[in-house]
Amino acid sequence: MTIRAVVWGENVHEQTSEVVRSIYPDGMHGTIASALRQDKAIEVSTATLQEPEHGLSAERLAGTDVLLWWGHAAHGDVEDEVVERVARRVWEGMGLIVLHSGHYSKIFKRLMGTPCSLKWREAGERERAWAINRGHPIAQGVGECIEIAETEMYGEPFAVPEPMETVFVSWYEGGEVFRSGMTWQRGAGRIFYFSPGHETYPIYHNEGVRQVLRNAVHWACNPTPAWTAITEAPNVPVAKAKEKIVQKGARLHADGDKGLN
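It should be emphasised that the depicted structure is a prediction, and the values quoted were computed from it without experimental measurement.

Notes on the pairing of strand 8 (residues 177–186)
Next, step 1: Pairing between strand 7 (residues 165–172) and strand 8: 5 bridges, direction antiparallel. Each bridged residue has a counterpart across the sheet, and for Ser170 the counterpart in strand 8 is Phe178.
Next, step 2: If you look at the hairpin formed by strand 7 and strand 8, you'll find 4 residues sitting between the two strands, and Gly175 has a positive phi there, around 110 degrees.
Next, step 3: As paired elements, strand 8 and strand 9 (residues 189–194) share 6 bridges and run antiparallel to each other. Of the residues in strand 9, the one forming a bridge with Trp184 is Ile191.
Next, step 4: In this antiparallel pair of consecutive strands, strand 8 and strand 9, the connection spans 2 residues, and Gly187 shows a positive phi of 65 degrees.

Here we look at the sheet that holds strand 1 (residues 3–9)
Next, step 1: Reading across the sheet, the 9 strands line up as 2-1-3-4-9-8-7-5-6 and stay open at both edges, with mixed pairing between neighbours. Two strands in the sheet have a free side with no partner beyond their single neighbour: strand 2 (42–48) and strand 6 (145–155). Pairwise comparison of adjacent strand axes, ignoring direction, gives a mean angle of 25 degrees for this sheet.
Next, step 2: As defined by bridge partners, strand 5 (residues 119–131) adjoins strand 7 across 5 bridges and the pair is classed as antiparallel. Its bridge partner lying in strand 7, Trp130 is registered against Val169.

The rules behind these values
Residues numbered from 1 in each chain as written. Predicted model: local features only at pLDDT ≥ 70, side-chain atom pairs only at ≥ 80, totals over all residues. Heavy atoms only, no water. Pairing = 2+ DSSP bridges. Helix = DSSP H or I, 4+ residues; strand = E, 2+ residues; numbered from the N terminus. Axes fitted to C-alpha atoms, helices over the stretch in contact; angles between N-to-C directions.

Here it is, written out as structure tokens:
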């Protein structure tokens, strides 16, 4: 099957920094999309903060299997309505891949329910992203680790919920370590966070990183029909119980009532 992926990029640093523009002349979202296009099973398009509805209308999200999210300087500019729209699609079964500074995005915090805070340092130090779960589908084809010549350090503690799986742990030249690749599930949707990807370094040109992105799209894709009723809380009348039962005790609700928020 063809996987429909949308790469969402904040597209701010590319407009304001000559350094970033020189490394990513097609935008970071464009470079990430080019990595995915190396896989013929992935159909890729892009969206940016500056587009109407940030390029993430309800109709577009309904036709998206996996959404990749990169943001940094303008998390607060993302409209709450769009955040809730994306969260609902994840609950329904859309995959979400959150990249680098996206750990502080509204959507990641919304789905994690925690501060998602961490330590950091921008010093161009070396990183080794160790594949500690070598049999995981996301780690296939990258060997025992990914060598990144220059990166921004992200360090523990990383204030996220206990993951479903930890796929990568990174070591940095300054000595810190970080759980750099982790998975969760929310509703029917799979989520993968991957930390390498600072904008002033050519990290999304690294073949190991690009392989992880392709692998993650395949892993996050849920081919089953969207669970569109996941946010509903229907009342089941006594007469429609699977087994015959008799009403007992006092009632606060009548048959067919909506639940209390």
